[in-house]
Structures are given as C-alpha cells and as structure tokens.
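Residues per chain are reported as follows:
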Amino acid sequence: MKWPLRNLLNPVVTRSLLYGANSFDVEYVLKKIDAIKTMSGKEVKRVWFEEWENKASKYLEYAQNAENKGFDISAEKYYELVAQCYYASYMINTDDIDKKKEVYKNLEKYYKKSIAFRRTKVEYVEIPVPELGDIKLPAYIHYPDDGNGTSYPCAVTYSGVGSCKEELEILASPLIERGVAVIAVDMPGTGAALFDFDAKCNGVHIEAAIKAINSFAEKKENIDPSRIANYGLCMGGGYAFHASTLRKETKCCVSLFPLFTNIADMGSVPVWMKKGKWVLYQHGTADADDYYGGMKVLEKGELSCDFLLVHSADDNWMDTDASLSLLDNAKGYKECLQVEDKPAYVSEETIMHAMPVGEQYHWVKHIASDFIAERLLK
C-alpha cells in the first residue's frame, strides 16, 4: 500500500505549480518526502523547507553568475526560479511564524531582483490606508511598456488569504501582454502587508483596504480612471466583486472561483485553515464567530459593471448555489463559465477550493484576460 503522505500535500503542490514552480523540481522534492521513514508532520516540513532551500541556492548561484556577466535575460529567469522555490516553500502550513516570515522575505527579495531585469517597467508602491492609521499595502504596478505613458487602462488584481502580491504575477502576465497595466497588491493578512504593517485579514481591515485601493487607482496620475477593472481569485475573487460594488465607475469585474468565507461550507474547510498560530496571526483573532461575522461586510452591495464569474461544481468550499448567488447581485451584463474538468491533484482528504479552476488556469486565463481587455481597450 502506497504511503499517502504526498497526497496530503496536494493543495501545496497545486498552488506551487499554478504560480510557476518547475514541475520536475516539485517531483524531486516530493520524492524526498516519499523517502521519509516515519509519518511525522515535523519531518515533512523540515524536508520540504530544506529541499526547496537547496534548489533556491543552486539557482541563486546561476543568477548571480549571469548578472555578473551581463546576461540579463538569464539573470531575470534564474532569480525568478529562486523566487518560485521560496514560493513553494512558503505554501506549506506551519505554526512557525518566524520561519514563514523568513521564507516570504526571501521570496519577496528575489522576486524584486527578477523584475529589475525586465524590459517592461514594474513600479513598487505602498498604498496608504487612512482608516487604519500607519498601515500601508505594498503593491507592484506592472506596465505593458516602459511606464512612460500617461493614461493606462488598468486592472487591480486581488489574491486570497495566505497569498501575496508576488503570486499575482499569474493574473498580471496575460493582461500585460494585451496592453493593460496591472496593480498587484498585498491585501490585509497577506505578504508584506501582514509581515511589515500587521494588516489583518478581517472585515474592518479588508473593507478599509479596498476603499484605499479604489482611491489610489482612481487618483494615480498615469492611470485612466474611466478604464479600471477588478480581477481576483479565491478570496480575492470576492474582494474584486466587493471593490466593484463600492466603485460604480468600475468598467468590469472578473472573479475566479470566488470565496466568501461567511457563505462557504465551513464543514469542508480543513482544520489547519481555521485554527493554529498561523491562522491566528493572519486573522488577528481566535474567535471564529467574530471573524466570520466581520467578513459579512463583503456581501454588501450590487454590481453594475460587466461581470465574468468562473467557478466549478467540484469546488467543495463554495458549492454551485453559493457561487451562482453572486450573479443575483450582478445587475449589469454578466457571463458565467463553469469549469467541467475534474481536479487532478485530489484525494478524499485534500480536495481544495482552488483546485478545480486553479488547475485549468492555463486556459481560463485567456478567456478572463480577453474579457477585461475587450472592455478596457475599446
């Protein structure tokens, strides 16, 4: 009988591959996991962190050599590989907050090294959130060119809890190719917003953050306020929807497998997503009723702009009725794409909310990006 330990890592593997981790590197690390003799969560985490660190060190050496020789294309790609190794490492669940922060800081560091070599401009900004005092939201603005334009169409991209602005590269890339600028932002409870500014994933912080992002995008001197879209996946799909209800001038909204934690089937959400030091650190509260009650603010409002919903009947957190309920609050033009493909990375214990659509993102991204580009580039 095959030891099913690697199956328990399916959610980690899926997100790592979705972001861009090399599939052969993933399989190499999984074989190291298979070689563990005792079923120990501590040992699994040790091996996972250690093997991805080894991979990252190898690619970092190649990156530095390429940079020293002026091989900018190779330097960009190797630093990107380093960042992807740290991203895969970051995906595993652990209550060691210091380790989480250390891994994220390496991800952030080498992602910045990579984008510095790009031919298109990526601008780092920190978006102030006046309602939350000194809290700011670190973000990247990806331009489709050298950034010297004066009136860019722009999509604001949102990710969910446990994610980061670096992950939003997957949403940004196909839009940049189509001539659309992209703001990729760390929401409260994610990335540098969490580690550097202690912004928490709760209703108060998220609502204030969305308002601040709307205001920032609208007032940025080189962004056309009449051509702004909102685009998100997972919880970010819910954020994008809510952001579009708050700003009626929004041109369009795309939600990929949106997650509203207060209407999802919480019985299907794994314990490690609801309890533990890492969850407490992200949410800022151990009181589930307080947390989910506060998140209800995201349900409010009606959507008037064009809307694309992408979901799956195999989503075991947001069932079909819950996903389609978003369409009831979308009063303008709307389209719905239900992904029929069954998830490949799945076991009885580990099928996850993001898998059914996330695994199909390689083709879904073009439909979603075309929907946005058609409306912003007219």
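Residues numbered from 1 in each chain as written. Predicted model: local features only at pLDDT ≥ 70, side-chain atom pairs only at ≥ 80, totals over all residues. Heavy atoms only, no water.

Caption draft 1: The arrangement of empty space enclosed by the protein in detail. Counted by the stated rule, this structure contains three cavities of 30 Å³ or more. Reported here for the second largest cavity is a volume of approximately 50 Å³. Phe49, Trp52, Glu53, Tyr86, Ser89, Lys99, Glu102, Val103 and Asn106 are the residues that line the second largest cavity. Sorting the residues of the lining of the second largest cavity by element identifies helix 4 (41–68), helix 5 (72–91) and helix 6 (97–115) as the ones contributing at least two each. At four residues, the largest contribution of residues to the lining of the second largest cavity is made by helix 6. (1 Å grid on protein atoms, 1.4 Å probe; cavity = no way out; pocket = protein on both sides within 12 Å on 5 of 7 lines; lining within 4 Å. Points joined across faces, edges and corners; volume = space filled by probe spheres on them. Helix = DSSP H or I, 4+ residues; strand = E, 2+ residues; numbered from the N terminus.)

Caption draft 2: Looking closely at helix 6. For helix 6, which comprises 19 residues, the first-to-last C-alpha distance of 27 Å matches the rise-based estimate of 27 Å (1.5 Å per residue) to within 8%. Regarding helix 6, the residues found buried are Ile97, Lys100, Val103, Tyr104, Asn106, Leu107, Glu108, Tyr110, Tyr111, Ser114 and Ile115. (Expected span 1.5 Å × (residues − 1). Buried < 20%, exposed > 50% of the residue type's maximum accessible area, 1.4 Å probe, protein only.)

Caption draft 3: Local environment of the side chain of Ser16. With respect to the secondary-structure elements, Ser16 resides in helix 2 (residues 10–19). Residue Ser16 is classed as buried on the basis of its relative accessible area, which comes to 1%.

Caption draft 4: Spatial organisation of unusual backbone geometry. One non-glycine residue, Asp198, lies in the positive phi region at around 55°. For Asp198, the position within the fold is in the loop between helix 8 (191–195) and helix 9 (203–219). Residue class for Asp198 comes out partly exposed when judged on its relative accessible area of 43%. The backbone phi angle of Cys234 is positive, close to 60°, even though this residue is not glycine. Along the chain, the position of Cys234 falls in the loop between strand 5 (223–233) and helix 10 (235–246).

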